[in-house]
Amino acid sequence: MRRAAGIAVAAVCSWAAATSPVHAQPRWISGYLLTAPLFSGASAFGPSNASNFNRFRLNLEPSAGPFSLEVAYEHAVTFQQHPLQLGLGLTGLQSGAEWWDLGTTITPSRQQNAVWQHRLDRFNIGFSPTDNIDIRVGRQAISWGTTQFLNPADPFVPFVPSDPIRLYRAGVDAFRVRVYPSALSEIDFVVRPTRSAVGEELTALLRGLTTWRNWEVSGWGGSLYGDTAGAIGLAGGIGPWAVRAETVVRDYDGTVVGSGTIGIDRAFFLGTQGRALTFLWEYQRNGLGAVGPDDLLRVFLSPESSRGEFQVYGRDETVLSVTYEVNPLWNVGVFGLHSLNDGSTLLAPTVAYSAGNNASVSASVYFGLGPDRTTPTRPLASEYGLVSPVGIMMVSFFF
């Protein structure tokens, strides 16, 4: 396992050296390479596990006149001591029950100690007859979130907050039309078919976004997986603090359920050199979330979970993120998720180093705090208490 991790790190370094003259590379070609050695401690679900996660992505975005093409081809290769799920978003490539199957998974060994996944994460064609209209069909990234981490009003595969890799959103299969009435307003129409364990479903939503004074205001409505739904978002500033909020309501066969998030963030500049200390806090109330440990299994097995709609599983959750700029190259921080319903917490202190304009190195330790005693009648003692310690180092290179 150590040898595999060493080979992966060496590959990153050699690739970086070989591709340093990036000025000769066409602007419509770019890429990303990541290797992440990882170690997880023993838990109620299995023994300790040493792993190495590797990800390669090639982006192509050529255009000709009003037409454009976007293609992103990804590979994810995982080597692991035991055939266990790694968690933290490192089980492979994030997906959201898409209509087209544009990838596959290969396990070279029966024990699944090595897993190779590859897929097209972007594959769409765009047409812009004018500067104010963009029409796009195919697999593409769509983001309607307003808050930073917890996005109940974003219906298109938002990031998992605990995922240490938050660079590329998963693509969704959709037909999309965007119209820009002015420089600060937008009308967005999306039709998205999906396939999941729930079945074949269709989403059709219309969103509007504009600015009023120093506030961004947005709202959408339509059919979400066949349910009538609507949402609003708000982002602006009160003094030196940024304030963000979003809320969504949805009709489940006559039962209307609401969810929402409110958050604040601010950057403090400390010392004579003005080093940035960034603070962020968010609170989410999810009407479908678990009210306690006895309710967690229901949420995990729900249709919404099968579609990938849940970022977190508790009814009341908070996020805290604090980052400090030690110098222009080094940053340290801590990230935390806390369930107010079962008292469990997921903490992740992190240190990051910028190795250049196109390379970075970071290291994090994730560990859970809270109830961790399982019983036959309560297989999940809490949302985060069963998370075993996980140490991960990530080496990333862009080209």
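Now for a description of the structure that goes with this document. Remember, predicted model here, so these are calculated numbers, not experimental data. (Residues numbered from 1 in each chain as written. Predicted model: local features only at pLDDT ≥ 70, side-chain atom pairs only at ≥ 80, totals over all residues. Heavy atoms only, no water.)

### So, the overall build of the protein chain
Moving on, step 1. Across its full length, the protein chain carries three helices and 20 strands.
Moving on, step 2. Taking the intrachain contacts of the protein chain between residues at least 6 apart in sequence as the baseline, contacts between residues at least 24 apart amount to 54%. (Helix = DSSP H or I, 4+ residues; strand = E, 2+ residues; numbered from the N terminus. Contact = heavy atoms within 4.5 Å.)

### Things to note about the packing of aromatic side chains
Moving on, step 1. One pass over the structure, following the stated rule, counts 13 aromatic pairs.
Moving on, step 2. Ring centres of Phe56 and Phe399 lie 6.3 Å apart, and the angle between their planes is 15°; this geometry places the pair in the stacked category. Taken together, the residues span a long stretch of sequence, with Phe56 in strand β2 (residues 49-60) and Phe399 in the segment after β20 (390-398) at a distance of 343 residues.
Moving on, step 3. The structure contains a cluster of three or more aromatic residues connected by ring pairs, namely Tyr32, Tyr168 and Phe398.
Moving on, step 4. Stacked on the ring of Phe159, the Lys or Arg Arg169 has its end atom at 5.9 Å from the ring centre. (Phe/Tyr/Trp six-rings, centres within 6.5 Å; stacked < 30°, edge-to-face > 60°. Lys NZ or Arg CZ within 6 Å of the ring centre and 35° of its normal.)

### Quick notes on empty space enclosed by the protein
Moving on, step 1. Following the criterion strictly, the structure yields two cavities of 30 Å³ or more and no others.
Moving on, step 2. As a volume, the largest cavity reaches approximately 380 Å³.
Moving on, step 3. Taken together, 28 residues form the lining of the largest cavity, with Pro152, Val248, Arg250, Ser259 and Glu309 sitting closest to its centre.
Moving on, step 4. Listed by contribution, the elements that provide at least two residues to the lining of the largest cavity are β11 (215-224), β13 (241-252), β14 (255-270) and β15 (275-286).
Moving on, step 5. For the lining of the largest cavity, the class distribution of residues is 15 nonpolar, seven polar and six charged.
Moving on, step 6. A volume near 50 Å³ is recorded for the second largest cavity.
Moving on, step 7. Around the second largest cavity, the lining residues are Trp144, Thr146, Ala153, Arg207, Ser218, Gly219, Trp220, Ala231, Ile232, Gly233 and Glu246.
Moving on, step 8. Of the residues contributing to the lining of the second largest cavity, the split by class is five nonpolar, four polar and two charged. (1 Å grid on protein atoms, 1.4 Å probe; cavity = no way out; pocket = protein on both sides within 12 Å on 5 of 7 lines; lining within 4 Å. Points joined across faces, edges and corners; volume = space filled by probe spheres on them. Nonpolar A, V, L, I, M, F, W, Y, C, P; charged D, E, K, R; others polar.)

### Brief notes about the layout of surface pockets
In this approach the atoms are scanned with a rolling probe the size of a water molecule, which exposes any empty space left behind.
Moving on, step 1. Roughly 770 Å³ of volume is contained in the second largest pocket.
Moving on, step 2. Looking at the second largest pocket, it is lined by 34 residues, and the ones nearest its centre are Pro164, Thr350, Ala352, Ser362 and Met394.
Moving on, step 3. Of all the secondary-structure elements, those providing two or more residues to the lining of the second largest pocket are β1 (29-40), β16 (316-325), β17 (330-339), β18 (345-356), β19 (359-369) and β20.
Moving on, step 4. The dominant element in the lining of the second largest pocket, judged by the number of residues it contributes, is β18, at six residues.
Moving on, step 5. Residue composition of the lining of the second largest pocket, by class: 21 nonpolar, 11 polar and two charged.

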